Amino acid sequence: MTEIEETLRRTFGEAAGQAPRLPDLLPERLERIHRRRRRRSRVVLAAAAAVLVAGGTVAVVRGGDTITAVPATQARTRAERPAAPVEQVWPDAVRKIPAKGPGAAPWRPVTLIDERTLLMAASSGFERAAAVYAYDLGSGTEREIAAVPEPEGTVAFASGFAVGSGHVAWWTATKDSVAHFWAAPLDGGTARIVADQPLGPVDDGSGIDGLAVAGDEIVFSLNAGGVFTVPLGGGTVKPVEGGAGMHLLAWPWIGTPGARSEPGGTGFARIRNAETGETRTAVTHPGEELHQCGVTVCVGRSSDGRTFFRHRDGSSQKDVPGSGYQGRTPAQDRFYASAYGDAAPEGVGLYDLDTGRSGDLGIQAKGRSVSLPTFDTTGRFLSYLAGDELHLIDLTEIR
Amino acid sequence: MEVDPRFAEFVAQRGDALLRYGYVLAGNPHDAADLVQEALLKLRGAWPRLRSKENPESYARTTMARLHIAAWRRRRRELLAWDLPESEHHDPLPSGDERRMWQALAGLPRKQRAVLVLRYYEQLDDAEIAAVLGISRGTVRSQASRALGKLRDAVPAEPMTRGPMTRGNVR
């Protein structure tokens, strides 16, 4: 070993001894970030789809905290703090139901079964299997649809709840890297596995990035790309024509790139109607970044840093006040939730682009992050925990 | 928050060693901590399907080396899950040639530095270094010799004896 090599060896050894120490509780902190990232990617996805998945809601509730932490480091101006609580601004829209469903398990609305019935997914407490419920908005009563089994070796908990043809369907994945598609009759009954799909080497268990029920089939897409169908009653998984490399947006719309496949790209910039063959491409102008598109509306940031919503064809651009907004396209092309605060997020407001009104949801920031509310997959309800209550905002009650 | 006890145990037992490795790779505590955090998060994501024959520590170390030389890393750094201690005021490397070497290392391109760390800190041979960084053995050799050449220029050989009287002496 030459002298310079000897010095190097000594230098590295000495320097290593000067490294800082890791803090206690690091595994817990890492676990929190890990779950947040996994959720965030799912949430962004569900958001863009406006129809898609339940955003991993069950997994979310299992973790004990809600959804999407907003990083505090962004040195951006955030949305303006609403002047009044949401109950005062839109009293008809606010509903409060217990935060825990039958069996004392926390539950969340994931989608609508029909105009007056919510599909609620309950997480498993420690002793009870998770279950899905039909919640009657008229009477305020619930009915169990089915238990949600969690087979041995499950690494991705039930996600992607979707309803159609009298069934609710979802997926799970096990550690052997296989996704399992489940279906249960909405009238009540036992959930059973309809089909299995090998995932190949996937990251962090989010192998299926879209699921819907269309006719008598489950339609799904792989995080790695590719749209497939399988009959609700069980059978063979078949590729959708023209679906190679594509992702499910909102059936029959499929597209590329997937919401999480290309950092820096525009999620669902190019979409195709799998039934008619119609294609649409999002209009982008030089200098701006288009982050994410739904079937109709895209969210982006202009060259001077303003966030906007705009139709995919380039029309009807609306600026989003503040620039801290990150995330989904607006619900009903009109409503969005955003953190407000100066350096760090302080709370969350619901904003109506059409009227310019806003209401404070009353969600307190914890440390440097705040939980954003969850939208159901149809974009009609948003929900968030407030103490022992689950608050639901029915956006159709806001005129 | 439930944490896989085996993952928690691994972090508790090997985390500081990974941070030492990150520190010699990156040259400063912030980037070192960022590398460790990212590598442990990736390990956490892979944990359920990490087969028993795979060694989590070498997985983490390989991840750190590759992250360090990846071009996109230079553009973003994540929020750390913990606060680093305020910068300490003592000189980390008091002796003259080690301090000069440490400063000279800061001037090397990342890939060259990574090759040196793998060779002289991790004590890997060139074939192993090639596998860790995903480059050819020829590239390992050329990067190492270029880096050593720069360091030789930056850190002139000094008498091995140390003391106030030797400084400036001609050997």
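Residues numbered from 1 in each chain as written. Chains lettered and ligands numbered in written order. Predicted model: local features only at pLDDT ≥ 70, side-chain atom pairs only at ≥ 80, totals over all residues. Heavy atoms only, no water.

## Points about the overall build of chain B
Logical step 1: Of regular secondary structure, chain B possesses seven helices and zero strands.
Logical step 2: When the helices and strands of chain B are placed in sequence order, the string is α-α-α-α-α-α-α.
Logical step 3: Scored against the burial criterion, the 171 residues of chain B give a buried share of 46%.
Logical step 4: Considering only contacts in chain B between residues 6 or more positions apart, those separated by 24 or more positions represent 68%.
Logical step 5: Entry remark: accessible area of chain B is about 9,200 Å², with carbon and sulfur atoms responsible for 49%. (Helix = DSSP H or I, 4+ residues; strand = E, 2+ residues; numbered from the N terminus. Buried < 20%, exposed > 50% of the residue type's maximum accessible area, 1.4 Å probe, protein only. Contact = heavy atoms within 4.5 Å. Areas by Shrake-Rupley, 256 points an atom, 1.4 Å probe, with all protein chains shown as cover.)

## Some thoughts on the sheet that holds strand β21 (residues 318-320) of chain A
Adjacent strands of a sheet pair through backbone hydrogen bonds, lying either parallel or antiparallel.
Residue and element names in this part refer to chain A.
Logical step 1: The four strands are arranged β18-β19-β20-β21 in an open sheet whose pairing can be described as antiparallel. Either end of the sheet is taken by a strand with one partner, and the two such strands are β18 (289-293) and β21. Strand after strand, the sheet turns through a mean of 30° between neighbouring axes, direction not considered.
Logical step 2: With three bridges joining them, strand β20 (residues 307-311) and β21 adopt antiparallel strand pairing. (Pairing = 2+ DSSP bridges. Axes fitted to C-alpha atoms, helices over the stretch in contact; angles between N-to-C directions.)

## Quick word on the nonpolar core
Logical step 1: Counting 59 residues, the largest nonpolar core has A:Leu8, B:Leu40, B:Leu105, B:Leu116, B:Leu133 and B:Leu151 as its most contacted members.
Logical step 2: With ten residues, helix α1 (residues 5-26) of chain B is the single largest residue contributor to this core.
Logical step 3: Shared between two domains, this core takes at least three residues from each, and those domains are domain 1 (1-78) and domain 2 (94-159) of chain B. (Core = buried A, V, L, I, M, F, W, Y, C linked by side-chain atoms within 4.5 Å. Domains from an automatic or database assignment.)

## Some details on the packing of helix α5 (residues 110-121) of chain B against helix α7 (residues 137-154) of chain B
Residue and element names in this part refer to chain B.
Logical step 1: As a packed pair, α5 and α7 sit with axes 9 Å apart at the nearest point and diverge in direction by 95°. The orientation of α5 with respect to α7, classified from their angle, is roughly perpendicular. Across the interface between the two elements, Lys111, Gln112, Val115, Leu116, Arg119 and Tyr120 from α5 touch Val140, Gln143, Ala144, Arg146, Ala147, Leu148, Lys150 and Leu151 from α7.
Logical step 2: Residues belonging to the contact of α5 with α7 are distributed by class as follows: eight nonpolar, two polar and four charged. (Parallel < 35°, antiparallel > 145°, perpendicular 65-115°, else oblique. Nonpolar A, V, L, I, M, F, W, Y, C, P; charged D, E, K, R; others polar.)

## Observations regarding the state of the cysteines
All names here are of chain A.
Logical step 1: A full pass over the atoms with the stated rule returns one disulfide over all chains.
Logical step 2: Between the sulfur atoms of Cys293 and its disulfide partner Cys298 the distance amounts to 2.1 Å. Across the S-S bond linking Cys293 and Cys298, the dihedral sits near 105°, which makes this disulfide right-handed.
Logical step 3: In this structure Cys293 comes out as buried when scored by relative accessible area, which is 0%.
Logical step 4: Given a relative accessible area of 1%, Cys298 falls into the buried group. (Disulfide = S-S within 2.5 Å.)

## Concerning the packing of α1(B) against helix α3 (residues 56-69) of chain B
Residue and element names in this part refer to chain B.
Logical step 1: Contact pair α1 / α3: the axes reach a minimum separation of 11 Å and the direction vectors enclose 25°. Classed by the angle they form, the pair α1 and α3 counts as roughly parallel. The way α1 lies across α3 gives a crossing that is right-handed. Judged by residue contacts, Phe10, Arg14, Ala17, Leu18, Tyr21, Gly22, Leu25 and Ala26 of α1 engage Pro56, Glu57, Ala60, Arg61, Met64, Ala65 and His68 from α3.
Logical step 2: Looking at the contact of α1 with α3 residue by residue, the class counts come to ten nonpolar, two polar and three charged. (Left-handed = near helix turned anticlockwise from the far one by under 90°.)

## Description of the confidence of the model for chain B
Residues and elements named next belong to chain B.
Logical step 1: In the predicted model, chain B carries a mean pLDDT of 77, and the fraction of residues at 70 or more is 74%.
Logical step 2: When mean pLDDT is compared element by element in chain B, α5 scores highest at 94, while helix α2 (residues 29-46) scores lowest at 86.
Logical step 3: Below a pLDDT of 50 lies the segment residues 83-91, which in the model reaches seven contacts outside its immediate sequence neighbourhood of four places, other chains included.
Logical step 4: Across residues 159-171, confidence stays below pLDDT 50; counting only partners more than four residues off in sequence or on other chains, it has eleven contacts. (pLDDT = per-residue confidence, 0-100.)

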